Amino acid sequence: MGSFNDINLKKWKESEIWTDSLWIIPERDKSGKHDNSYHGNFVPQIPRQLILRYTKKNDIVFDPFVGSGTTAYEAESLKRNFIGIDIQKKLISKIKNNLDGKNNFSILVKGDSTKKITLNKIIESLKQRKKKKVQLAILHPPYFDIIKFSQFNDDLSNAKSLEDFLKKFRLVLENTASLLEEKRYLAIVIGDKYSDSQWIPLGFYCMNEAQKLGLTLKSIIVKNMSGNRGKQNKEAIWRYRALASDYYIFKHEYILIFKK
Ligand SMILES: C[S@@+](CC[C@H](N)C(=O)[O-])C[C@H]1O[C@@H](n2cnc3c(N)ncnc32)[C@H](O)[C@@H]1O
């Protein structure tokens, strides 16, 4: 067993863990508590792979953009503790109702992950459980303004500009890194965007923010995007538009792995 996971290397041939930097996920895992109704969620296989690879049972997984709770449900089914934040109260209430809390604890906070006040709430809740740090952080921020998640000003999808988005993302990264145990892992799941006839490499900009904080880049995983709800039934029109113009159609996003 590794120092940061429960992988049994004596049975390595049977391991379900992916070790290639290209993840082609043919379809969403539909088992478990996920309902797939949240526009902008990720497939459960992403947090599942990361949790199995980078944590042990009873470690604490942290997600500051918890959304519909995909990471929360995977953490629960893999017997990990969980801490999640989202700016939307209705999402937090729904996740709380769906988690059973039998084997592991879950802390769900409605708040702005850029703010110290939110961080302090988490530190306080950890203290009550005689804990100080988390062992894995998974960040799946809005891809700037591609999907508007809420009407709140502090929602990263309502950032005024790319610079403002990156400034806010950096604040979340700083808070998250301060909660993360030394030598443990942080993953960012992010895609790029296109605007004003230009490819905006959001993924690389976000990667750069994490590197500037001193986190060590361990892997850039490229993941396919087929089957995303927004693009269904629109393949033909996108192909026509691409042929008539000079760009390529987005088919991938990134999972960036860092070590503290
Ligand atoms: C891409 S979604 C995450 C989806 C999630 N991985 C899932 O599978 O459901 C990003 C989430 O970040 C939340 N969010 C945006 N800005 C935030 C902020 N400043 N603090 C906390 N949450 C924020 C949005 O409400 C949205 O639910």
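Everything below is about the structure shown above.
This section reports on the structure supplied with the text. Given the structure is predicted, the values throughout are model-derived calculations rather than measurements.

## Some points on the sheet that holds strand β10 (residues 252-259)
Hydrogen bonds along the backbone pair up the strands of a sheet, which may run parallel or antiparallel.
Part 1: Taken together, eight strands build an open sheet; the order of strands is β1-β9-β10-β6-β5-β2-β3-β4 and the sheet is mixed. What marks the edges here is a single partner per strand, and that holds for β1 (22-23) and β4 (106-110).
Part 2: Summarising the sheet, strand β9 (residues 216-224) and β10 pair through eight bridges and their orientation is antiparallel. By the bridge assignment, Lys223 is partnered in β10 with Glu253.
Part 3: Contacting β2 (60-63), β3 (81-86) and β5 (134-139), helix α2 (residues 70-77) crosses the sheet at an angle of about 175° to β3.

## Brief notes about the site of the ligand
Part 1: Lining the immediate surroundings of the ligand are 25 residues, of which Tyr38, Ser68, Thr70, Asp86 and Asp112 lie closest.
Part 2: Asp155 is positioned such that a nitrogen or oxygen atom in its side chain is 3.5 Å from a nitrogen atom of the ligand.
Part 3: Protein burial of the ligand: of its 610 Å² of free accessible surface, 99% is covered by the chains.
Part 4: Tallied by class, the residues present in the shell around the ligand amount to eleven nonpolar, ten polar and four charged.

## Things to note about the packing of aromatic side chains
Part 1: One pass over the full model with this rule turns up eleven aromatic pairs.
Part 2: Seen in terms of ring centroids, Phe144 and Phe165 are 5.6 Å apart; in terms of plane orientation they differ by 35°. Their pairing is tilted. Within this pair, whereas Phe144 is found in the loop between β5 and α5 (162-179), its partner Phe165 is found in helix α5, the two being separated by 21 residues in sequence. Here Phe144 and Phe165 have matching classes, each one buried.
Part 3: Measuring from ring centre to ring centre gives 5.3 Å for Phe204 and Tyr254, while their planes differ by 40°; the resulting arrangement is tilted. On the criterion of sequence distance, the pair formed by Phe204 in helix α6 (residues 202-212) and Tyr254 in strand β10 is long-range, its members being 50 residues apart.
Part 4: Its relative accessible area of 38% is what places Phe204 among the partly exposed residues.
Part 5: The class for Tyr254 is buried, based on a relative accessible area of 6%.
Part 6: Here the aromatic cluster, defined as three or more aromatic residues joined through ring pairs, consists of Tyr194, Trp199, Tyr247 and Phe250.
Part 7: One residue, Lys110, lies across the ring of Phe152, its end atom 5.9 Å from the ring centre.

Parameters and conventions
- Residues numbered from 1 in each chain as written.
- Predicted model: local features only at pLDDT ≥ 70, side-chain atom pairs only at ≥ 80, totals over all residues.
- Heavy atoms only, no water.
- Pairing = 2+ DSSP bridges.
- Helix = DSSP H or I, 4+ residues; strand = E, 2+ residues; numbered from the N terminus.
- Contact = heavy atoms within 4.5 Å.
- Axes fitted to C-alpha atoms, helices over the stretch in contact; angles between N-to-C directions.
- Near = heavy atom within 4 Å.
- Polar contact = N/O pair within 3.5 Å; in protein donor to acceptor, adjacent residues only side chain to side chain.
- Areas by Shrake-Rupley, 256 points an atom, 1.4 Å probe, with all protein chains shown as cover.
- Nonpolar A, V, L, I, M, F, W, Y, C, P; charged D, E, K, R; others polar.
- Phe/Tyr/Trp six-rings, centres within 6.5 Å; stacked < 30°, edge-to-face > 60°.
- Buried < 20%, exposed > 50% of the residue type's maximum accessible area, 1.4 Å probe, protein only.
- Lys NZ or Arg CZ within 6 Å of the ring centre and 35° of its normal.

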